[in-house]
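Here are the chains, one letter per residue:
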Amino acid sequence: MIFEKVKERHLPDVLTFKNGKEVENPLMLRKRREQIIHLLRSQVYGFPPPLPTKVDYLVKWRKEDAFAGKSIHMCVDIKFETSKGKFSFPINLIIPKKISPAPLLLHIAFRPDIPDKYYPVEEIVDNGFATASFCYKDVAPDTDDGFVGGLAGIFNRDNRSDQWGKISLWAWAAQRVMDYLQTLKEIDSKRIAVVGHSRLGKTALWCAAQDERFIAGVSNCSGCSGAALSRGKNGEQIKDITDTFPYWFCKNYQRYRENEEKMPFDQHFLLAAIAPRVVYVGSAQSDDWADPESEFLACVAASRVYELLGLKGLVTEDKMPEPGIRLHKGQVGYHIREGGHFFSRDDWKCIMDYMNEK
Ligand code: GTR
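Residues numbered from 1 in each chain as written. Predicted model: local features only at pLDDT ≥ 70, side-chain atom pairs only at ≥ 80, totals over all residues. Heavy atoms only, no water.

A. Expanded view of the overall build of the protein chain. What the protein chain contains, in helices and strands, is 10 helices and 10 strands. At 19 Å, the protein chain has a C-alpha radius of gyration in line with the 21 Å of a compact globule built from 358 residues. In terms of overall dimensions, the protein chain has a C-alpha envelope of 55 × 45 × 40 Å along the principal axes. The 358 residues of the protein chain split such that 60% are buried. (Helix = DSSP H or I, 4+ residues; strand = E, 2+ residues; numbered from the N terminus. Rg over C-alpha atoms; globule rule 2.2 N^0.38 Å. Buried < 20%, exposed > 50% of the residue type's maximum accessible area, 1.4 Å probe, protein only.)

Below is the structure:
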């Protein structure tokens, strides 16, 4: 039943090269992954800016007894120089005292607040994780400002149609946080996942797809241009998202407005690019704009890539999951809960249980 539903979407094959050749083994899959990333860069999110030429990390303050004394809380400036100029943005870092080195959840956040309605920091520490976060607006404003504000202004986007949009820029910033986390002995550098909700769920998946240092890409209610398939999707369409948020993407993405069947990819490519690492997708039953069914079917479609590697992708019964279901057995994890568009405690609990099982 679910495979029929996937078939009805008429998706491009994630395991077939551009020239029609099929991917037959893990070595060929490495090449195919490069092709997929190139495709998503050139057609959807844009090519990222160049790497910084120099980095520096400034600990602005450090509290030894945060969250009832269970953890250390630091605020650190990620500072860097690029060929175009200097920039810095602040991050929060919370490290549990009792676990060393600790696995870490890097949260790309809507707001800088610690904790926040979308960010239950104490529960995260209690579940055995360190956590870091930055507010995406401290990197570049979420407005159609002509790419003049924040880091966007430094990199001075030109007119190329495959240049980064803001999702790529926010993902790039998460990678700079990763550079810093790699230097800390308190953090288990091999167990760092990147997490985000909605537009920042799209960003988290795109970040993990490109950067193999992340063990997992985790998205919650990420919907259109995130975890959800675009072909046959309900709710938000590429036309809607590129009308309201054209600056999230590269210009080439406009080509696919009301023209999804022409895309040489679909969003299962984004999930598949994370393999063999872990992908986690959280959906909410009444989040019609994001479309939970299209998020679930993308997980099903991406799983073939894991199977080629001899791994389990999404482990599911052959039916659409009901709210309350957690599918945690494979390298692709999924849950759906009751309610609407929100990053809830329940979502975090599912994510943490899953990551603790991996
Ligand atoms: C909506 C947008 C969605 C989603 C959401 C959010 O307006 O259309 O794709 O990203 O914002 O970030 O909350």
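Still more to cover.
B. View of the nonpolar core. Counting residues in each nonpolar core, the largest one holds 125 residues, and the members touching the most others are Phe89 and Phe134. In contact with Phe89, not counting residues within four places along its chain, are Val76, Asp77, Ile78, Phe80, Phe134, Asp138, Val139, Ala173 and Val177. (Core = buried A, V, L, I, M, F, W, Y, C linked by side-chain atoms within 4.5 Å. Contact = heavy atoms within 4.5 Å.)

C. Broad picture of helix α6 (residues 199-210). An ideal rise of 1.5 Å per residue puts 16 Å on 12 residues; α6 measures up with 17 Å between its terminal C-alpha atoms. When you tally the buried positions in α6, you get 11 out of 12 residues, the bulk of the element. (Expected span 1.5 Å × (residues − 1).)

D. Highlighting the confidence of the model for the protein chain. Mean pLDDT over the protein chain stands at 97; residues scoring 70 or higher make up 100%. Per-element confidence in the protein chain is highest for α6, whose mean pLDDT is 99, and lowest for helix α4 (residues 150-155), whose mean pLDDT is 94. (pLDDT = per-residue confidence, 0-100.)

E. Geometry of the sheet that holds strand β8 (residues 278-284). Read from one edge to the other, the open sheet built from 10 strands follows the order β1-β2-β3-β5-β4-β6-β7-β8-β10-β9, with strand pairing classed as mixed. Both edges of this open sheet fall to β1 (54-66) and β9 (326-327), since each of them pairs with a single strand only. Bridge count between strand β3 (residues 85-96) and strand β5 (residues 130-135): three bridges; the pairing is antiparallel. Note that in β5 the partner of Ile94 across the bridge is Thr131. Sitting on the sheet, α6 is in contact with β4 (102-109), β6 (187-197), β7 (216-220) and β8, with an inclination near 145° to β6. (Pairing = 2+ DSSP bridges. Axes fitted to C-alpha atoms, helices over the stretch in contact; angles between N-to-C directions.)

F. Representation of the packing of aromatic side chains within the structure. Considering all chains together, one arrives at 24 aromatic pairs under this definition. Relative to Phe87, the ring of Phe80 lies with its centre 6.1 Å away and its plane at 45°, an arrangement referred to as tilted. The exposure classification of Phe80 matches that of Phe87, with both residues buried. A centroid spacing of 4.8 Å and a plane angle of 20° characterise the contact between Phe343 and Trp348, whose relative ring orientation is stacked. Above the plane of the ring of Tyr118 lies Lys117, whose end atom (NZ or CZ) is 5.4 Å from the centre. (Phe/Tyr/Trp six-rings, centres within 6.5 Å; stacked < 30°, edge-to-face > 60°. Lys NZ or Arg CZ within 6 Å of the ring centre and 35° of its normal.)

G. Broad picture of the packing of helix α2 (residues 26-45) against α6. Contact geometry of α2 with α6 gives a least axis separation of 10 Å together with a crossing angle of 140°. Classified by the angle their axes make, α2 and α6 are oblique. Seen along the crossing, α2 lies across α6 with a hand that is left-handed. Here Arg33, Ile37, Leu40, Arg41 and Tyr45 of α2 lie close against α6, whose contacting residues are Trp206, Ala209 and Gln210. (Parallel < 35°, antiparallel > 145°, perpendicular 65-115°, else oblique. Left-handed = near helix turned anticlockwise from the far one by under 90°.)

H. Broad picture of the pairing of strand β2 (residues 71-82). Among the 12 residues of β2, 10 are classified as buried, and the element is accordingly described as predominantly covered. As judged from the 10 bridges shared by β1 and β2, these two strands associate in the antiparallel manner. Within β2, the position partnered with Arg62 by the bridge is Met74. Linking two consecutive strands that pair antiparallel, namely β1 and β2, is a turn of four residues; a positive phi of about 50° is found at Phe67 within it. Between β2 and β3, which pair antiparallel and follow one another directly, the connecting turn spans two residues.

I. Main features of unusual backbone geometry. Residues Ile114 and Pro115 are joined by a peptide bond in cis, for which omega reads -10°. Residue Phe67 is not a glycine yet carries a positive backbone phi of 50°. Tracing the backbone through its elements, the reader meets Phe67 in the loop between β1 and β2. Within the chain, Ser225 stands out as a residue other than glycine whose phi angle is a positive 65°. The topology assignment puts Ser225 in the loop between β7 and α7 (238-244).

J. Region of the structure containing the site of the ligand. Every residue lining the ligand is accounted for by Phe110, Ser198, Arg199, Lys202, Glu236, Ile241, Phe245, Trp248, Trp289 and His341. Within the side chain of Arg199, an N or O atom sits 2.5 Å from an oxygen atom of the ligand. Compared with its free state, where it exposes 320 Å², the ligand has 81% of that area covered by protein. Its residues assigned to classes, the shell around the ligand shows five nonpolar, two polar and three charged. (Near = heavy atom within 4 Å. Polar contact = N/O pair within 3.5 Å; in protein donor to acceptor, adjacent residues only side chain to side chain. Areas by Shrake-Rupley, 256 points an atom, 1.4 Å probe, with all protein chains shown as cover. Nonpolar A, V, L, I, M, F, W, Y, C, P; charged D, E, K, R; others polar.)

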